[in-house]
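Residue-level listing of the chains:
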Amino acid sequence: MDFIDRITGAKLSRRSFILASAAATAGLSLTGCGSSLTQATADQAAGKEGQWITAACWHNCGGRCLNKAYVVDGVVIRQKTDDTHPDSPDYPQQRACVRGRAQRQQVFGADRLKYPMKRKNWEPGGGKKELRGQDEWVRVSWDEALDAIAGEIKRIKTEKDNRSLFADGGPVSKVLALYGGYVSHWGTTSRGNWTYTPDVIGYSPESNSGINDRLDMRNCETVIMFGLNPAWSSAGNPAYNFLQVKKAGAEFIAVDPYYNDTYGLLEADWIPCRPVTDTALLLGVAYTLLEEDDPIHNPLIDWEFLKKNTLGFDAESMPEGTNPQDNFKDYVLGTYDGVPKNAEWAAEISGVAPDRIRYLARAMNKNKKVAILTGWASARTQNTDNLPQLFMTIGAMTGHMGKSGHMCGISCHSRSSNGGDMLVKPGSNKLPSIKNPVDDSFNDTEMWRAIVDGKYNWTGDQKYYKGETRDIDIRLIYHDSGAALQSRDGMTKGIEAHRKVDFVVSHGQFLTTNAKYSDFVLPVTTEWEKIGGFLTGNREMVIMYSQITEPMYECQSDEWIARELAKRLGIDPAQAFPIDAKQQFFNQIAGATTTHEDGKSKIPMVTLTEADIAEWGVQGKPQEGRIGLKEFQEKGIFQIERKPGDNYGFIAFKEFRDDPVGKPRPNSASGKMEIYSQVLGDTINNLGYSKIKPIPTHIPPVEGYEATFKDWQTKAKGDYPYQVINPHYLRRSHTVFDNVQWLRETWPNPVYISTQDAKEKGLADGDTVLLTSQHGKTLRTACITDRFMPGVIGLPHGSWVDMDEKTGIDTGGADNILCGPVSTGQGVSGWNSCICNMEKYTGASLIPDVEKPQRIIF
Amino acid sequence: MMSQYGFYFDMTSCIGCRTCQVSCKDKNDLKVGTIFRRVKAFETGSYPQPGIFHYSSTCNHCESPKCVEGCPTQALHKLENGIVDHDKTKCIGCRYCTWSCPYGVPQFIEELGQISKCNMCKDLIEKGENPVCVDACPMRALEWGELEDLKAKHGDSVSELPLLPVSSVTKPALLIKAKNIAKQKGFREKEI
Amino acid sequence: MGEISLLIFSFCMQAAIGIVFFITISKQLYKEKTFKTASYAAAGLSVIGILASLLHLGRPMAFLNSLSHLGTSWLSNEALLCGFFAGIAVLYALVQHFKPGNASLDLLMRWAGSLVGLIAVFSMGKLYSSTTVPVWQGANTFIDFYTTTLAIGALLFIATSLKELHNVDKKIYGAIVLAAVIFQAVSAIPHALSLGKTGMAAQASAAILSGMTMVIALKWLLILGGTALLLWPAKQETVSSFKSGNAYLACALLVFGELIGRYVFYAAIVTTTIGIT
Ligand SMILES: Nc1nc2c(c(=O)[nH]1)N[C@H]1C(S)=C(S)[C@@H](COP(=O)(O)OP(=O)(O)OC[C@H]3O[C@@H](n4cnc5c(=O)[nH]c(N)nc54)[C@H](O)[C@@H]3O)O[C@H]1N2
Ligand SMILES: Nc1nc2c(c(=O)[nH]1)N[C@H]1C(S)=C(S)[C@@H](COP(=O)(O)OP(=O)(O)OC[C@H]3O[C@@H](n4cnc5c(=O)[nH]c(N)nc54)[C@H](O)[C@@H]3O)O[C@H]1N2
Ligand code: SF4
Ligand code: SF4
Ligand code: SF4
Ligand code: SF4
Ligand code: SF4
Ligand SMILES: [Mo]
């Protein structure tokens, strides 16, 4: 071992570094304290000259920032963030978040998967399948692993057919497609009911085209936020952008069950509302607008916009061939059903007092510059297929669309706070797309049930066809991307599915939950070990990252594994991967575009010379762009310099507002914004999950506030009296980073419980709490807070499951142990609609996550 | 003339993301358990009008540092530019500084048998760069510089808060733009 | 608890200083007696104390550095004074053992040891009371240290010199122990009460202390019980007042009680940083 070298500082090579980290791993397995390579490496490196290299931060985190690694002799000594230009609010640096700053802890973590591993009791055909997730691991060679995997794929295909192979959709899936196909899955993970609804009603199908750009937002007088938390869920600049809006004088109102840090920053006026009740609340707002609008004395409603640009608002504007009584306005007023959707009605459901609902409606005053913003969280709920349509309706009623300082739409994920087309873009890698001959595809909410029960509702792989029940018999689960077992609803069922099939394989950088419940795990490289690539996020910049280190241990890329399996399955790898990784990367560079100063035309981004092409040894043509290849590589970022009044601004729906006839909406049957959408109603009702109306109506969610009662009339509470939401937590990007000790130390991941509920249950800060839903049980340490609405529990999203097989209780606080597979509407994963019971746990208290042993298997 | 560098913390811009905390760990290669810059969350008020503020703290490089005064080895010492630095060759790990600093800054590190603490990223400052935590903050809530300049620039800042020890003991080189709720008592520390 | 070595150090050191102090006083009264055993005990305890203090250091081998800040750092001062005292105590024991009879050297060393020792106790008090641990601030730490020095010193002195003192009236020692212990007890009350009123750290310390009520009660039970036992009138002896069995038991009880007290002293550490770290 190179310990002596390490201590004496005699030499610091990448090899000794890896050996040292492996050695530290062995001695570390229980305490697992953070970086295994601290002081020694830093001291040794001090004095030696290193190099700053742009390092990928590639996760689905809602942000995108510049990270750089200081590399000395192949070892990363420390990191930094964007310092490529002076920082200003108009032209901000792309500063990394807390997770990005811990990226090297992840890449060089003691818990990296190092070698192909096999489950000890695995045999062809399964072999003690119930031991998946608990068995010991045995190291095997790449050849042994690949041969066994190819053997099982062949066997299953021969004995059954391609409809028994289930895969996630990474590079290996391409090979499986060439091998006759595989069963896939689809879902509405991020956008919930914004996935399909906006696409057919004439609203904004893209998350980035519904609101104005960040500089225009500074013109707003009022910003109303429905479930937004960029401080956590759009790390990077969005919270900073909103701070500029505040500094420019805007006032903020927040509608949310949780007074989060974004609202704390913006000193928002908080209107606590129950989860999954935004529809009811907004109907109460619509009623109030109708009730209080007086075109002369109190003009609240933009009747002109409603008339010219929308369909179905009232009886007069209903499309032909429909019953005029089915219009939105009469539903709201209760003209025919006898139930006025007034503030009092909405208050009972949403928990917002009637006068606060009226206050909210008045704040949307059409004569003020108002932004009505929503995240996706409120629609990542059951039975809210009409919610996006209702947002559109409210925006149309109040006229906050298509004008500077007015907007109504999505502010979420990487486009939070900043609407508009991408100003800069990488090119395509020019890999061919491969068609999957098998058309079977599970909706995420039924995926595990389909595998366990052998039948499912087929709707055409996110084509929203009329549903049809199909039999299916899955024998193989192949995970070559994503974190499905951890990240999709109903993990308990998922584990059952993983223990049922003949064979489970996972690629992984760590022993993720997918990997943990597999027969074979194959160690894959991180982006730091690859040749380089592009990352996109907000519209103004694109990041080009470079290789930081050689592949760790025996790690290989997903693509390499796919090629190797292809060979063993008798398929020419070149069909899927005709060009190598370097050419793929170069194609993206050559095809990258930026926007001309005129704000319109797209031009090449990177200047390429014959010399560049020769040096890279790739195919390509020289071109004139805005930045030289070397400079780009060194900087790692291409960012548009913005200033007020430039041509890069964006006003959502401006053309449509100004000229609804000449510039109709491309994505609705009528070309208008459809407050009554026959297509929406028919499509959803045909899918076979649950029914909706063509206009926005309140439908009690399967697991919503109403379901917390045994008897709604007498308000007697049922067995699951609490609602649960899953805030996207800053320790992680979904499930990623959850294993990083620095982040575990920094972000302890408690469960948030309101002071009032805690009092009733006799809970105090630090108590271990047992949460029980119809779908599973999980434990977490309590944080008692006044920032949660009573009746609502906040269980952070993405924590790794840690199942106690004896009690059947998860000690890891995994959200999807609690959230069940409930299919409604467009097949939405209704994560923020979950109900549960809560009690003080009488067993052993949890230890902090940072003190738990890491998942280290070699 | 002696100079005195200091930190400015704009609490009104801070979202408690703890990027400063982790970037500092990265710069100083700190293991789990050792934290030089630490962010804590505090709640105020009660539902439905709660408040939240964060406090990002590190060594204040005090003008009258009690840690320096009490250190028996002179391992802790004040530099010309005001930085309170720690000399590893001198420190015997008596931990007295962990009792004498009113801000709990020095941290004993078992493996080294010594304490350690923020040195204001002295090495970077000498190269004309900012301390890492300052350049890391995504909200631009941290500033660093000559204390007098910071004072002149941020007239509305304070050096004392109910949650902090009285500043007269050590005269911290620290300026805080405080949220109003942080100026009142009745705050509760919370995990986030 | 991480401060066990400091506990041993401060306790042994103070005990040793107390013993030397009582040797000095007693030699003034009973010139013919040597108090050899007591001087060995003092030397032994001071050596144990010094060793324990080294164990507390993260880098014991570099302990000499601790003398680099004399005058300013009370820890530097304490290190010097304690080292100096321990040196005298050991030398004194050696002289007693190998070269008894040199009266002037004996006198010099005793008095020097007592003086240095008592100043060392002051430096210890100063060391703790000038930290940012409110529960240590103020006169209470000094009172605690000096009364412990006197009470434990007197008791250990008696316990190690029972034979030599068999025909001596030991009431005076008993009275000193009683006075010290009562003073300690009486001063502890206002200190405890004042804690609850000052800052957050003091309040946190008060909370720790109130969580240790039983332990603190035990401490006083042992200390006061030990003292009472010491003063229990003995029947068979006339001139001297203690029964030897009682004296040993009293000594054990008191030592144990004061050790618990010192444990509580360290356990209540809460610095003013409570809000931030
Ligand atoms: N209960 C609940 N569930 C939720 C949500 C919620 O709010 N509540 N949110 C949902 C949302 S919005 C989303 S988008 C989904 C996200 O669901 P997923 O996309 O499944 O989650 P990630 O954790 O991002 O998964 C990425 C995985 O890829 C791995 N990985 C990274 N790089 C590579 C690579 O190069 N090769 C391979 N093979 N693997 C790699 C990572 O280690 C990680 O395991 O989760 C959803 N799940
Ligand atoms: N740190 C971190 N950031 C992330 C991710 C992550 O895993 N971790 N994931 C990324 C991905 S892929 C996505 S899709 C985005 C998701 O981003 P978001 O959907 O914005 O994130 P959430 O934290 O689920 O919810 C944001 C806010 O909505 C509130 N909320 C929840 N339910 C309701 C409701 O029914 N009504 C109302 N009005 N408010 C509600 C929550 O309390 C919270 O304050 O985050 C991205 N960013
Ligand atoms: S926001 Fe995302 S890209 Fe930016 S540093 Fe954090 S994890 Fe990385
Ligand atoms: S990085 Fe900035 S915003 Fe984040 S916790 Fe630190 S000071 Fe606050
Ligand atoms: S904050 Fe503490 S450690 Fe830093 S200089 Fe002041 S007294 Fe010393
Ligand atoms: S631990 Fe080191 S720095 Fe701290 S007081 Fe002791 S010698 Fe000084
Ligand atoms: S100045 Fe440097 S050492 Fe000090 S807190 Fe900031 S990053 Fe850490
Ligand atoms: Mo997402």
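Chain C goes by DMSO reductase anchor subunit in an unreviewed UniProt entry, where it is assigned to Desulfitobacterium dehalogenans.

Identification of chain B as NAD(P)H-dependent nitrate reductase iron-sulfur subunit from Desulfitobacterium dehalogenans is taken from an unreviewed UniProt entry. Quoted verbatim from the Cofactor (unreviewed entry) field of UniProt, the annotation for chain B is "[4Fe-4S] cluster". Of chain B, the UniProt comment under Function (unreviewed entry) reads exactly: "Electron transfer subunit of the terminal reductase during anaerobic growth on various sulfoxide and N-oxide compounds."

Next up on the list: the overall build of chain B. For chain B, the count of helices and strands is six helices and ten strands. Relative to a compact globule of 192 residues, whose C-alpha radius of gyration would be 16 Å, chain B shows 16 Å and is just as compact. Expressed as lengths along the three principal axes of its C-alpha atoms, the size of chain B is roughly 55 × 35 × 30 Å. Here chain B holds 192 residues, and 66% of them are scored as buried. Pairs at least 24 residues apart make up 58% of the contacts formed inside chain B by residues separated by at least 6 positions. Carbon and sulfur atoms make up 48% of the accessible area of chain B, which totals about 6800 Å². If you average the places of the 25 positive and of the 23 negative side-chain charges in chain B, the two averages end up 5 Å apart.

Moving on, we get to the interface of chain A and chain B. With 55 residues of chain A at the interface, the matching set in chain B holds 46 residues. In total, chain A and chain B occlude about 4100 Å² of area from one another, counting both sides; carbon and sulfur atoms represent 55% of this. There are seven salt bridges connecting chain A and chain B. With a closest N to O distance of 2.4 Å, Arg 104 of chain A and Asp 26 of chain B form a salt bridge. Taken together, the connections running from chain A to chain B amount to 25 residue pairs in polar contact (both at pLDDT 80 or more). Those elements that place two or more of their residues in the side of chain A that touches chain B are α3 (38-45), β3 (75-81), α9 (230-233), α10 (238-247), α11 (261-266), β10 (269-272), α28 (741-746) and β33 (777-785) of chain A. Class assignment of the residues belonging to the side of chain A that touches chain B gives a composition of 30 nonpolar, 15 polar and ten charged.

Moving on to the packing of aromatic side chains. All names here are of chain A. Scanning the entire structure with this criterion turns up 61 aromatic pairs over all chains. Note on Trp 52 and Tyr 70: the rings are 4.9 Å apart at their centroids and 45° apart in plane angle, and the pair reads as tilted. You can see Trp 52 sitting in strand β1 (residues 51-55) and its partner Tyr 70 sitting in strand β2 (residues 67-72), a full 18 residues away along the chain. Overall, Trp 52 belongs to the partly exposed group, its relative accessible area being 26%. With a relative accessible area of 18%, Tyr 70 lands in the buried category. When the ring of Trp 303 is compared with that of Phe 313, the centres are 5.8 Å apart and the planes differ by 75°; the resulting orientation is edge-to-face. Placement of the pair is Trp 303 in helix α13 (residues 303-309) and Phe 313 in the loop between β11 (310-311) and α14 (328-333), with a sequence separation of ten residues.

What follows is about the packing of helix α15 (residues 343-350) of chain A against helix α16 (residues 354-363) of chain A. Residues and elements named next belong to chain A. At a minimum axis separation of 8 Å, α15 and α16 run at an interaxial angle of 110°. On the basis of the axis angle, α15 is roughly perpendicular to α16. Crossing of α15 against α16: the hand is right-handed. Across the interface between the two elements, Ala 343, Glu 344, Ala 346, Ala 347 and Ser 350 from α15 touch Pro 354, Ile 357 and Arg 358 from α16.

Structurally, the position occupied by Glu 3 of chain C is in the segment before α1 (4-29). Between the C-alpha atom of Glu 3 of chain C and that of Leu 127 of chain C, which follows or precedes it by 124 residues, the distance is 15 Å. Setting aside residues up to four positions removed in sequence, Glu 3 of chain C forms contacts with Trp 99 of chain B together with His 56, Tyr 266 and Ile 269 of chain C.

Looking now at the site of ligand 3. As a structural note, the neighbourhood of ligand 3 is formed by Cys 57, Cys 61, Gly 63, Arg 64, Cys 65, Asn 67, Ala 96, Cys 97, Arg 99, Gly 100 and Ala 235 of chain A. Of the residues belonging to the shell around ligand 3, the class tally is six nonpolar, three polar and two charged.

Residue and element names in this part refer to chain C. Following the UniProt record, the feature "transmembrane region" (unreviewed entry) maps to residues 6-25, 37-58, 78-95, 107-129, 141-160, 172-193, 205-234 and 246-269 here. In the segment residues 6-25, helix accounts for 100% and strand for 0%; the C-alpha atoms at its two ends are 28 Å apart. Across residues 246-269 one finds 92% helix and 0% strand; the C-alpha atoms that close the span lie 35 Å apart.

All names here are of chain A. Surrounding ligand 2, one finds 36 residues, the nearest of these being Ser 233, Asp 256, Asp 278, Arg 380 and His 734. At 3.2 Å, a backbone N or O of Ala 377 approaches an oxygen atom of ligand 2. Between ligand 2 and the protein, one listed contact pairs a nitrogen atom with a backbone N or O atom of Arg 732 at 2.9 Å. Within the complex, the protein chains bury 99% of what would otherwise be the 900 Å² of accessible surface of ligand 2. Elements supplying a minimum of two residues to the shell around ligand 2: α9 and β9 (251-256). For the shell around ligand 2, the class distribution of residues is 16 nonpolar, 15 polar and five charged. Per-domain counts for the shell around ligand 2 show at least three residues from each of domain 2 (193-423) and domain 3 (705-851).

For this structure, the chain pair with the highest number of contacts among two pairs of chains in contact is chains A and B. Contact between chain A and chain C is absent, and the minimum C-alpha spacing across the pair is 13 Å.

With that settled, the discussion passes to the interface of chain B and chain C. Contacts between the two partners involve 39 residues from chain B and, on the opposite side, 33 residues from chain C. For the chain B and chain C pair, buried surface summed over both sides reaches about 2600 Å², with 58% attributable to carbon and sulfur atoms. The largest contributions to the chain B side of the interface with chain C come from Ile 92, Tyr 96 and Trp 99 of chain B, which together make up 30% of the buried area. Where chain B packs against chain C, one counts zero salt bridges. Scanning the region where chain B abuts chain C turns up 18 residue pairs in polar contact (both at pLDDT 80 or more). Where the side of chain B that touches chain C is concerned, the elements lending two or more residues are β2 (38-46), β3 (49-57), α2 (66-70) and α3 (96-100) of chain B. Partitioned by chemical class, the residues of the side of chain B that touches chain C number 20 nonpolar, eleven polar and eight charged.

Moving on, we get to the pattern of salt bridges. Under the definition given, this model contains 70 salt bridges over all chains. A salt bridge links Glu 745 of chain A to Lys 25 of chain B; the shortest N-O distance between them is 2.3 Å. Residue Glu 745 of chain A is found in helix α28, and its partner Lys 25 of chain B is found in helix α1 (residues 19-28); the two belong to separate chains. Each member of the pair, Glu 745 of chain A as well as Lys 25 of chain B, carries the same accessibility label: buried.

With that settled, consider a nonpolar patch on the surface. All names here are of chain C. There is a patch of nonpolar side chains on the surface, built from Phe 63, Leu 64, Leu 67, Leu 70 and Leu 80 and spanning about 430 Å² of accessible area. Relative to the helices and strands, Leu 70 is located in the loop between α2 (36-56) and α3 (74-98). Judged by relative accessible area, Leu 70 falls into the partly exposed class, the value being 41%.

Moving on: the environment of Gln 4 of chain B. Residues and elements named next belong to chain B. Relative to the assigned elements, Gln 4 resides in the segment before β1 (5-10). For Gln 4, a relative accessible area of 11% translates into the label buried. The spatial distance from the C-alpha of Gln 4 to the C-alpha of Gly 16 is 27 Å, given a sequence separation of twelve residues. A polar contact is formed between the side chain of Gln 4 and the side chain of Lys 78, at a distance of 2.9 Å.

All names here are of chain B. For the peptide bond that leads from Tyr 47 to Pro 48, omega is 0°, which places it in the cis range. Relative to the helices and strands, Pro 48 resides in the loop between β2 and β3. Positive phi is not limited to glycine here, since His 61 has a value of about 45°. For His 61, a relative accessible area of 0% puts it in the buried group.

How each quantity is defined
Residues numbered from 1 in each chain as written. Chains lettered and ligands numbered in written order. Predicted model: local features only at pLDDT ≥ 70, side-chain atom pairs only at ≥ 80, totals over all residues. Heavy atoms only, no water. UniProt positions renumbered as here; feature names shortened; annotations may be inferred. Helix = DSSP H or I, 4+ residues; strand = E, 2+ residues; numbered from the N terminus. Rg over C-alpha atoms; globule rule 2.2 N^0.38 Å. Buried < 20%, exposed > 50% of the residue type's maximum accessible area, 1.4 Å probe, protein only. Contact = heavy atoms within 4.5 Å. Areas by Shrake-Rupley, 256 points an atom, 1.4 Å probe, with all protein chains shown as cover. Lys, Arg positive; Asp, Glu negative; His and termini not counted. Charge placed at Lys NZ, Arg CZ, Asp CG, Glu CD. Buried area = accessible area lost by both parts, 1.4 Å probe. Salt bridge = Lys/Arg side-chain N within 4 Å of Asp/Glu carboxyl O. Polar contact = N/O pair within 3.5 Å; in protein donor to acceptor, adjacent residues only side chain to side chain. Nonpolar A, V, L, I, M, F, W, Y, C, P; charged D, E, K, R; others polar. Phe/Tyr/Trp six-rings, centres within 6.5 Å; stacked < 30°, edge-to-face > 60°. Axes fitted to C-alpha atoms, helices over the stretch in contact; angles between N-to-C directions. Parallel < 35°, antiparallel > 145°, perpendicular 65-115°, else oblique. Left-handed = near helix turned anticlockwise from the far one by under 90°. Near = heavy atom within 4 Å. Domains from an automatic or database assignment. Patch = residues over 30% accessible without salt bridge, like charges linked within 9 Å, V, L, I, M, F, W, Y side chains within 5 Å.

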